[in-house]
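Spelled out from the first residue to the last, the chains are:
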Amino acid sequence: LPDKRVVDDLTKEFIAESQEGLDRMERCLTELEIRPGDGEQLVGEIFRAVHTIKGTTGFLGFDRLEKLAHAGEHLLGSLRDGKLAVTSELISGLLSLLDRLREILMLIEETGGEGTRIGDEDSELIALLAALNGGAAPVAGASAAVSGPRMMPVEASASSMSSAASEKTLRIDVEVLNRMMNLVGELVLTRNQMLQSNMDASNFPELARRLDSVTADLRESVMQARMQPVGHLFGKFPRMVRDLARTCGREVRIEFFGQETGLDKSLLEAIKDPLTHAVRNAVDHGIEAPEVRVMAGKPSEGCLRLRAFHQSGSVVIEVADDGAGIAMERVLAKAVERGLATPEQAAEMTEREALQLIFLPGFSTAAAVTTVSGRGVGMDVVRANVEKVGGSVELESKVGMGTTLRLRVPLTLAIVPALVVRSGGQSFALPQSALVELVYVPQRDAKTAIERLGAAEVYRLRERLLPIVWLERLLELEKRNAAESHGFYLAVLEAEGCRYGLAVDDLLAPEEIVVKPLSAVLREIGLFSGATVLGNGTLALILDIGATAARAGVKPVEEERDAVEMEEKIEQEAEVSLLVFEDRARERTALPLDVVERIESVPLTQIEYAGGRPLLQYRGELLPLRDEGRVLMELEAEQEGGEDVTATVLICRSSGKGAVRRTGMVVRRVLDVSGGTLLEKDDATGELELALVKEKLTTIHREFDAKSAPEWKEVA
Amino acid sequence: VKILGREEVELQDEDDAVSLCSMFAGSESFGIDTGKIREVLGKRELQRVPMAPTYIGGVVPYRGEVLTTVNFRALLGMSEYAESSCVLVLEDEAGGERFGLVVDAVGGVVTVSRKMLEANPCTLEAQGKWLFDGAYKTQTGLLVQLDPQKLRPSRLAETGLFKQRENVQKGNGEQL
């Protein structure tokens, strides 16, 4: 039978996975006993391990494991909801569950079956777990009495070795390897030539250039060697979906696109679990039962589409189903029921915000708890795992049409975009993925900008208090007085649900950094995730954003944040963000901020004229320039005085029918970015659109605004 | 008979001879078996690691890796060296952990006879006993032998012998 091998592969993978999970569980259990205080995360971890086993055994047909895991999960569920306290009896009960699960796994590995047996030895353990759970036992399955050989203890060492080996090896195209070898040869040749010639030699610059190109090529081919087609990951889904569909009573067809899309090996490993979760969710919750589908006028067979493609430097993996979609009312009702949002909050939530609720821990919309999924693990784990590797998750859903989940992951882990900052005379790299925005606080504002709330320092960022962490104080660096003279920068960072401002002395250039691991002693400090060699040859430590937050005592503000974000939204509706500038003398003019793409300083000599109208060649485009304040004439007069004059041009985007058009606007100077309130039109304002920005009268250019609005809506 | 005798003596000497790379920290000189040294990097700018134990000298790029260095002066409880220091790259026998040792200067290779080695004196304090592996009595003075295995950052962290010294140093630093 050709199917037999597939089952074997699946089972092997399941055993390796489960054993890893159980190892983790053991660690967490022992830790939980020592520190029951901060158990939330640990219980979550244990729960996940057991849940994964339960989910997988269901369709692999290991009843014994499933029953045990189900009982364990039930107990852990109560523990997670805070209905039970951590006692040593509870821990030992869970440990004996763990031992039993391990025994059965070993047996499966050895014999291929879980040891058909009388079936009451497990029921004793299940009863124990139920008793620990305060008698709220799950209904024990009909005990079919099966007799069989006694279980034998088996050594587990061999299996864990083999599973570790498969993760450490990699299949490489021989051609890629040959190319690497060639490049290494060339590298050696170039080195030899460099050693023979000296710095002053005429061919030295050329050698340096060659070295540069060879290294770049070599880096690229090494990266390529690490790339694995996403198809490897997709390979296991057809079988899984088929079995899942059978268990859930669904008819599902699975389709793949872009299987050849390459992704770094380590990333592929990292998104394996989230993707499995997503597929499982789609089949169990997304696609409706056949009769429901027919009633809704859809074919009885549901379609699950897995798509992988490149998009602006990252790889997107899409899991799309044509199922029932996510009903907003149910999400909101559930969120209120689970205490994740208040009824008032829920009533005011937009569709997008409501969908975000699904990613909160402890959320599940499944009406019934099934063996496959629906215990509330899933989406929060999916998001956590993807974010761990610097990716993001998006969810899109239309009721009756289906749901699309998008996992966006970087191409590779080894090279990450980062911002290099300086503090206390040292350079540190901050991963761009955690960076939300940058705020410059000039020296004259430094005293007033930071306010104190007890011992905590906060900064008002758009009327929200942002906790401040001083990098030099946190790291006990020496204070530099010289650096203080020009103020400081706040890097607003967000990681693991924490948002805070990291105060640093200076910003250096953003760089693509190559991450190098640190030695064990330095990893133990717990604040640095690695180091990197910067362009100038010096080393910089890479700051672990999440750990830094934890060290500084910044707590996640997930639930609060929704409320705050909502408030912000409301504010934003009344207010418009405006870029305020001066074009006509003595007059303040403003443009809606989302219209302005860039602010450019252009030498006056680059502005050309055609038919009496000023034009600017800008990134291969010809921009018509608007000069309502006759700024250009004034500047030209200045230039005749012999100076090199630059004009400030706002690059504005106006999306006409179909195409995006850009216009340049010549201004005297840019004043501010600020929120403003539009004034209602009346006799006093006449035809002008006026707004109050910081209590000053400002004219608004409206032409751009109206046209840009529909585009924004589309994106949202 | 005479010639034979002389040859014997020379052979003995070769068997006995140990090449040590000499290095200096403060006024004292130390030696490490040249076979255990991977590379002498010479004077390097070290990137400090905040919050690291004081005996960590910082990190330095080395062949595509980030090398953690141990500051030998800090281990001895001496104040920091004013000038830029020398870095040696050491590796344990299994090739597992590679690390750097920061000293004031590296001297030449000295060949000494094993016979001249004498064990640590019993009065040496615990830290010294950990760091030193006996001393060679050379004509110019004592050359203290170091065992790279014991200088590995992870081992230093394990012993906990150098934690106290940290505090002492910090106290000194604040006073200064």
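What counts and what doesn't
- Residues numbered from 1 in each chain as written.
- Chains lettered and ligands numbered in written order.
- Predicted model: local features only at pLDDT ≥ 70, side-chain atom pairs only at ≥ 80, totals over all residues.
- Heavy atoms only, no water.
- Helix = DSSP H or I, 4+ residues; strand = E, 2+ residues; numbered from the N terminus.
- Contact = heavy atoms within 4.5 Å.
- Areas by Shrake-Rupley, 256 points an atom, 1.4 Å probe, with all protein chains shown as cover.
- Core = buried A, V, L, I, M, F, W, Y, C linked by side-chain atoms within 4.5 Å.
- Buried < 20%, exposed > 50% of the residue type's maximum accessible area, 1.4 Å probe, protein only.
- Phe/Tyr/Trp six-rings, centres within 6.5 Å; stacked < 30°, edge-to-face > 60°.
- Lys NZ or Arg CZ within 6 Å of the ring centre and 35° of its normal.
- Salt bridge = Lys/Arg side-chain N within 4 Å of Asp/Glu carboxyl O.
- Arc of directions from axis to C-beta.
- Buried area = accessible area lost by both parts, 1.4 Å probe.
- Polar contact = N/O pair within 3.5 Å; in protein donor to acceptor, adjacent residues only side chain to side chain.
- Expected span 1.5 Å × (residues − 1).
- Axes fitted to C-alpha atoms, helices over the stretch in contact; angles between N-to-C directions.
- Parallel < 35°, antiparallel > 145°, perpendicular 65-115°, else oblique.
- Left-handed = near helix turned anticlockwise from the far one by under 90°.
- Pairing = 2+ DSSP bridges.

> Explain the overall build of chain A here, please?
The helix and strand inventory of chain A stands at 24 helices and 29 strands. Residue pairs in contact within chain A that sit at least 24 positions apart in sequence constitute 67% of those at least 6 positions apart. When the accessible surface of chain A is summed, it comes to about 37,800 Å², and 52% of that surface belongs to carbon and sulfur atoms.

> Help me out: how do you make sense of the nonpolar core in this one?
One finds Leu 502 and Phe 528 of chain A together with Phe 72 and Leu 101 of chain B to be the most contacted residues of the largest nonpolar core, which totals 64 residues. Not counting the four nearest positions on each side in its chain, Phe 72 of chain B is found in contact with Ala 25, Phe 30, Leu 101, Val 102, Val 103, Phe 132, Leu 146 and Leu 151 of chain B. The next biggest cluster of nonpolar side chains, apart from the first, holds 49 residues, and it includes Leu 263, Leu 268, Ile 358 and Leu 360 of chain A.

> Looking at this model, I keep getting lost on the packing of aromatic side chains. Mind explaining?
Ring pairs (aromatic) are described by centroid distance and by the angle formed between their planes. Under the criterion given, the structure shown has six aromatic pairs over all chains. Seen from their ring centres, Tyr 440 of chain A and Tyr 489 of chain A are 4.8 Å apart, and the 35° between their planes marks the pair as tilted. Pair noted here: Tyr 440 of chain A is in strand E10 (residues 435-441) and Tyr 489 of chain A is in strand E14 (residues 488-495), with a separation of 49 residues, a long-range link. Judged by its relative accessible area of 18%, Tyr 489 of chain A is buried. Joined through ring pairs, the aromatic side chains of Phe 30, Phe 72 and Phe 132 of chain B make up one cluster. Of note, Arg 80 of chain A hangs over the ring of Phe 47 of chain A, and the distance from its end group to the ring centre comes to 4.5 Å. Sitting over the face of the ring of Trp 130 of chain B, Lys 150 of chain B holds its NZ or CZ atom 5.1 Å from the ring centroid.

> Looking at this structure, I do not really get the pattern of salt bridges. What am I missing?
Where charged atoms of side chains with opposite charge meet at close range, the side chains can pair. Inspection of every chain in the model, using the stated rule, returns 26 salt bridges over all chains. In this structure, the salt-bridge partner of Arg 293 of chain A is Asp 322 of chain A, at a minimum N-O distance of 3.0 Å. With Arg 293 of chain A in helix H12 (residues 290-295) and Asp 322 of chain A in the loop between strand E5 (314-321) and helix H13 (328-337), the pair connects residues that are 29 residues apart, well separated along the chain. Accessibility expressed as a relative area gives 0% for Arg 293 of chain A, which makes it buried. A salt bridge links Arg 98 of chain B to Glu 91 of chain B, with the shortest nitrogen-to-oxygen separation between them at 3.2 Å. One continuous salt-bridge network, built from bridges that share partners, spans Arg 307, Glu 318, Glu 394, Glu 396, Arg 406 and Arg 408 of chain A.

> What am I meant to see in the side chain of Glu 600 of chain A here?
Residue position: Glu 600 of chain A is located in strand E21 (residues 596-603). In this view, Glu 600 of chain A contacts Tyr 618, Arg 619, Ala 647, Thr 648, Val 649 and Ile 651 of chain A; residues no more than four positions away in its chain are not counted.

> Mind showing me how you'd approach H13 of chain A here?
Because an α-helix completes one turn every 3.6 residues, residues spaced three or four positions apart along the sequence face the same direction. Residues and elements named next belong to chain A. Met 328, Val 331, Leu 332, Lys 334 and Ala 335 are the residues of H13 that are buried. Projected onto a plane normal to the axis of H13, the buried residues spread over an arc of 165° and lie on a single side. For H13, the exposed residues set more than 90 degrees away from the buried face come down to Glu 329 and Glu 337. Tucked into the core, H13 has its buried residues touching helix H14 (343-348) and helix H15 (351-357). One or two positions beyond H13, positive phi appears at Gly 339, with a value near 75°.

> Just checking my understanding: could you explain the interface of chain A and chain B for this structure?
Note: interface size is frequently given as the accessible area lost on complex formation between the parts. At the interface, 22 residues of chain A touch 16 residues of chain B. With both sides pooled, the region where chain A packs onto chain B buries about 1,500 Å², and carbon together with sulfur makes up 73% of that total. Taken as a group, Val 521, Leu 522 and Leu 539 of chain A account for 38% of the area that chain A buries against chain B, more than any other trio of residues on that side. The tally of links between chain A and chain B comes to zero salt bridges. The interface formed by chain A and chain B includes two residue pairs in polar contact (both at pLDDT 80 or more). Looking at the side of chain A that touches chain B, the elements with two or more residues in it are strand E9 (426-431), helix H20 (520-523), strand E17 (528-533) and strand E18 (539-543) of chain A.

> Mind showing me how you'd approach the environment of Leu 275 of chain A here?
Residue and element names in this part refer to chain A. Structurally, Leu 275 can be placed in helix H11 (residues 265-286). Taking the C-alpha atoms as reference, Leu 275 lies 9.2 Å from Phe 234; in sequence the two are 41 residues apart. Those residues in contact with Leu 275 that lie beyond four places of it in its chain are Leu 233, Phe 234, Phe 237, Ile 317, Val 319 and Leu 407.

> Please explain helix H7 (residues 174-196) of chain A as it appears in this structure.
All names here are of chain A. Its 23 residues give H7 an end-to-end C-alpha distance of 33 Å, which sits within 8% of 33 Å, the value for a rise of 1.5 Å per residue. Regarding H7, the residues found buried are Val 176, Met 180, Leu 183, Thr 190 and Met 194. Where H7 is buried, its residues contact helix H8 (204-226).

> What is the right way to look at the environment of Thr 404 of chain A in this model?
Note on placement: Thr 404 of chain A falls in strand E7 (residues 402-410). For the pair Thr 404 of chain A and Ala 282 of chain A, spaced 122 residues apart in sequence, the C-alpha to C-alpha distance is 9.0 Å.

> Where do I start with unusual backbone geometry in this structure?
Both trends apply: most residues other than glycine have a negative phi, and most peptide bonds are in trans. Residues and elements named next belong to chain A. Despite not being glycine, Glu 476 shows a phi value in the positive range, around 55°. Assignment of secondary structure puts Glu 476 in the loop between helix H18 (471-474) and helix H19 (481-484). According to the relative accessible area criterion, Glu 476 is exposed, its value standing at 57%.

> Before we go on, may I ask you to explain the packing of helix H3 (residues 63-80) of chain A against helix H4 (residues 88-111) of chain A in this structure?
Between two packed helices, what matters for the description is the angle formed by their axes and the separation of those axes. Residue and element names in this part refer to chain A. Direction vectors running N to C along H3 and H4 enclose 155°, while the axes themselves pass 11 Å from each other. Between H3 and H4, the angle is such that the two are roughly antiparallel. Between H3 and H4 lies a crossing of left-handed hand. Each of Arg 64, Leu 65, Leu 68, Ala 69, Gly 72, Leu 75, Leu 76 and Leu 79 in H3 lies in contact with H4, whose residues at this interface are Leu 90, Leu 94, Leu 97, Arg 100, Leu 101, Ile 104, Leu 105 and Ile 108.

> Got a minute to help me understand the sheet that holds strand E7 (residues 98-103) of chain B in this structure?
Within a beta sheet, neighbouring strands are joined by backbone hydrogen bonds and run either parallel or antiparallel to one another. All names here are of chain B. In space, the five strands of this open sheet follow the order E3-E6-E7-E5-E4, with mixed pairing throughout. In this open sheet, the two strands that pair with only one neighbour each are strand E3 (37-43) and strand E4 (56-62). Sheet twist, expressed as the mean angle between neighbouring strand axes with direction ignored, is 30°. Of the strand pairs in this sheet, strand E5 (residues 65-71) and E7 are connected by three bridges, and their pairing is parallel. Bridge assignment links Thr 69 to a residue of E7, and that residue is Gly 100.

> Would you mind showing me how to read the sheet that holds strand E8 (residues 105-113) of chain B here?
All names here are of chain B. Spatial ordering of the open sheet is given by E8-E1-E2-E11-E10-E9, a layout of six strands whose pairing is mixed. Of all the strands in the sheet, just E8 and strand E9 (117-118) have a single pairing partner and so form its edges. The pairing of strand E1 (residues 17-25) with strand E2 (residues 28-33) spans six bridges and is antiparallel. Across the sheet, the residue bridging to Cys 21 is Ile 32, located in E2.

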